[in-house]
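Listed here are the chains, written in short residue letters.
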Amino acid sequence: MNPTPATGPAPRLTSLSHGGGCGCKIAPGVLSSILQQSPLWPMPSELLVGIETSDDAAVYRLNDEQALIATTDFFMPIVDDPHDFGAIAATNAISDVYAMGGRPIMALALVGMPINTLPLETIGAILRGGQDACARAGIPVAGGHSIDSIEPIYGLAVMGIVHPQNIRRNREARPGDVLVLGKPLGVGVLSAALKKEKLDAPGYRRMIENATQLNTPGPLLAALPGVHAMTDVTGFGLFGHALEMCRGAGLSARIQAASVPLLDDVRELAAQGLITGASARNWASYGQDVDLRKPDPITQALFTDPQTSGGLLVSCAPGSVEAVLEIFRDEGFAHARVIGQMQEGPARVTLD
């Protein structure tokens, strides 16, 4: 039988999902165990970036001047407003193309919706939110696929183009590189506060503005020879994605806690216990590779906080820092900050 479309008042989107945004990700330790059970097949020489270093997207060389970037990302609602949910999910999916140094060219929608629970108007608003984010990125939603599912799910498969010389992997940081973070942390904390109805209107606006800001500096940063590695900070938190950079390059990272930008009020909200379950799962997966010089559960929660459509994390030569910060500022990223440095040593993160 075909499901009957829902009628009447729409339920809160976040009430229909067991987790929201990038906090839905499978914990990194569990994911690693799953992937280890998958056979490794021979990769074609044209595949410039695959699964070997947990990079942000796959990259396939088309010719000497062009490489195709392919990525996908989808999740369950992090907010109740359907348009905002769609816009956040689409922005997050597009970010992986920017993080590889590329320019997005088109997207396909991935849609799973409880048709007998959500009104069709609500589902339509989710799709419009995604389309609006794609329009801001200058790309069409050229197709997609939909299913009837128990929980609402929305995201995109996104394709992009990059010059092979401008690909910025997460594994090519160098000793002495400076780390720059493009967006403040705290979206996961704000989402936890929202779900418990303890987030005020200004806090909600800050959350939406941060989560729907496209990471447009990516291709501009990739054009700088002094930018060696790049990734975006999403579901595994700052520590998790910095560790991926460390493991790929065989280096250590030293981060200054006081230099890391935070969204307003997130420390206070975290102190009230408004923390996502994903934060604890993240720490359980990789905490053994993080040195907290001043152990503090709130700081630990903030730096493992899953970021939905978080900022770019850039590893660059010291002489390129001002150019990197200028690009961020020119693209509207006023909170971009130098947060640390890469150095020789085992693949670990130290927080000073």
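What you are looking at is a predicted structure, and each value in this text was computed from that prediction instead of being measured.

Undergrad: A description of the overall build of the protein should follow, citing residues and the corresponding values.
TA: Of regular secondary structure, the protein possesses 11 helices and 13 strands. Pairs at least 24 apart in sequence give 87% of the contacts found in the protein among residues at least 6 apart. With an accessible surface of roughly 14,900 Å², the protein has 55% of that area assigned to carbon and sulfur atoms.

Undergrad: I'd like a description of the environment of valine 162, backed by residues and values.
TA: Topologically, valine 162 is positioned in strand β6 (residues 153-162). Judged by its relative accessible area of 4%, valine 162 falls in the buried class. Considered as a pair, valine 162 and leucine 68 are 94 residues apart in the sequence and their alpha carbons are 6.7 Å apart. Leave out the neighbours within four places in its chain, and valine 162 touches Val59, Glu65, Gln66, Ala67, Ile69, Met100, Gly101, Gly102 and Ile167.

Undergrad: Run through the sheet that holds strand β3 (residues 67-75), naming residues and quoting values.
TA: Here 6 strands make up an open sheet; going across it, the order is β1-β2-β3-β6-β4-β5 and the pairing mixed. Two strands lie at the open edges of the sheet, namely β1 (47-49) and β5 (141-148), each paired on one side alone. For this sheet the average axis-to-axis angle between neighbouring strands, irrespective of direction, equals 20 degrees. In this sheet, strand β2 (residues 58-61) lies alongside β1 in antiparallel orientation, the contact comprising 2 bridges. Opposite leucine 47, over in β2, you have tyrosine 60 as the bridge partner. The sheet contacts of helix α2 (residues 82-99) involve β3, β4 (103-113) and β6, and relative to β6 the element is tilted by about 30 degrees.

Undergrad: Quick one: what's the story with the pattern of salt bridges, residue by residue and with numbers?
TA: Counted by the stated rule, this structure contains 7 salt bridges. We note a salt bridge from aspartate 265 to arginine 206, for which the minimum N-O separation is 3.0 Å. You can see aspartate 265 sitting in the loop between β9 (252-255) and α8 (266-271) and its partner arginine 206 sitting in helix α5 (residues 201-211), a full 59 residues away along the chain. Overall, aspartate 265 belongs to the partly exposed group, its relative accessible area being 40%. Note on arginine 206: relative accessible area 21%, which makes it partly exposed.

Undergrad: Run through the packing of aromatic side chains, naming residues and quoting values.
TA: A full pass over the atoms with the stated rule returns 5 aromatic pairs. Ring plane angle 40 degrees and centroid distance 6.3 Å describe the contact between phenylalanine 75 and phenylalanine 85, whose orientation is recorded as tilted. Within this pair, whereas phenylalanine 75 is found in strand β3, its partner phenylalanine 85 is found in helix α2, the two being separated by 10 residues in sequence. For the pair formed by phenylalanine 75 and phenylalanine 85, the shared burial category is buried. Between the aromatic rings of phenylalanine 239 and tryptophan 283, the centroid separation amounts to 6.4 Å while the plane-to-plane angle is 50 degrees, which identifies the pairing as tilted. One end of the pair, phenylalanine 239, is in helix α7 (residues 237-249); the other, tryptophan 283, is in helix α9 (residues 277-286), and 44 residues separate them in sequence. We classify phenylalanine 239 as buried; its relative accessible area is 0%. Three or more aromatic residues joined by ring pairs form one cluster here, namely Phe75, Phe85 and Tyr154.

Undergrad: Could you give me a rundown of the side chain of serine 279, with the residues and numbers involved?
TA: Mapped onto the elements of the fold, serine 279 is located in helix α9. Accessibility expressed as a relative area gives 2% for serine 279, which makes it buried. Setting aside chain neighbours within four positions, we find serine 279 in contact with Ala301, Thr304, Asp305 and Pro306.

Undergrad: Quick one: what's the story with the packing of α2 against α5, residue by residue and with numbers?
TA: Packing of α2 against α5 leaves a shortest axis separation of 9 Å and a crossing angle of 35 degrees. Along its contact with α2, which presents Asp84, Ile88 and Thr91, the element α5 presents Tyr204, Ile208 and Ala211. Residue composition of the contact of α2 with α5, by class: 4 nonpolar, 1 polar and 1 charged.

About the cut-offs
Residues numbered from 1 in each chain as written. Predicted model: local features only at pLDDT ≥ 70, side-chain atom pairs only at ≥ 80, totals over all residues. Heavy atoms only, no water. Helix = DSSP H or I, 4+ residues; strand = E, 2+ residues; numbered from the N terminus. Contact = heavy atoms within 4.5 Å. Areas by Shrake-Rupley, 256 points an atom, 1.4 Å probe, with all protein chains shown as cover. Buried < 20%, exposed > 50% of the residue type's maximum accessible area, 1.4 Å probe, protein only. Pairing = 2+ DSSP bridges. Axes fitted to C-alpha atoms, helices over the stretch in contact; angles between N-to-C directions. Salt bridge = Lys/Arg side-chain N within 4 Å of Asp/Glu carboxyl O. Phe/Tyr/Trp six-rings, centres within 6.5 Å; stacked < 30°, edge-to-face > 60°. Nonpolar A, V, L, I, M, F, W, Y, C, P; charged D, E, K, R; others polar.

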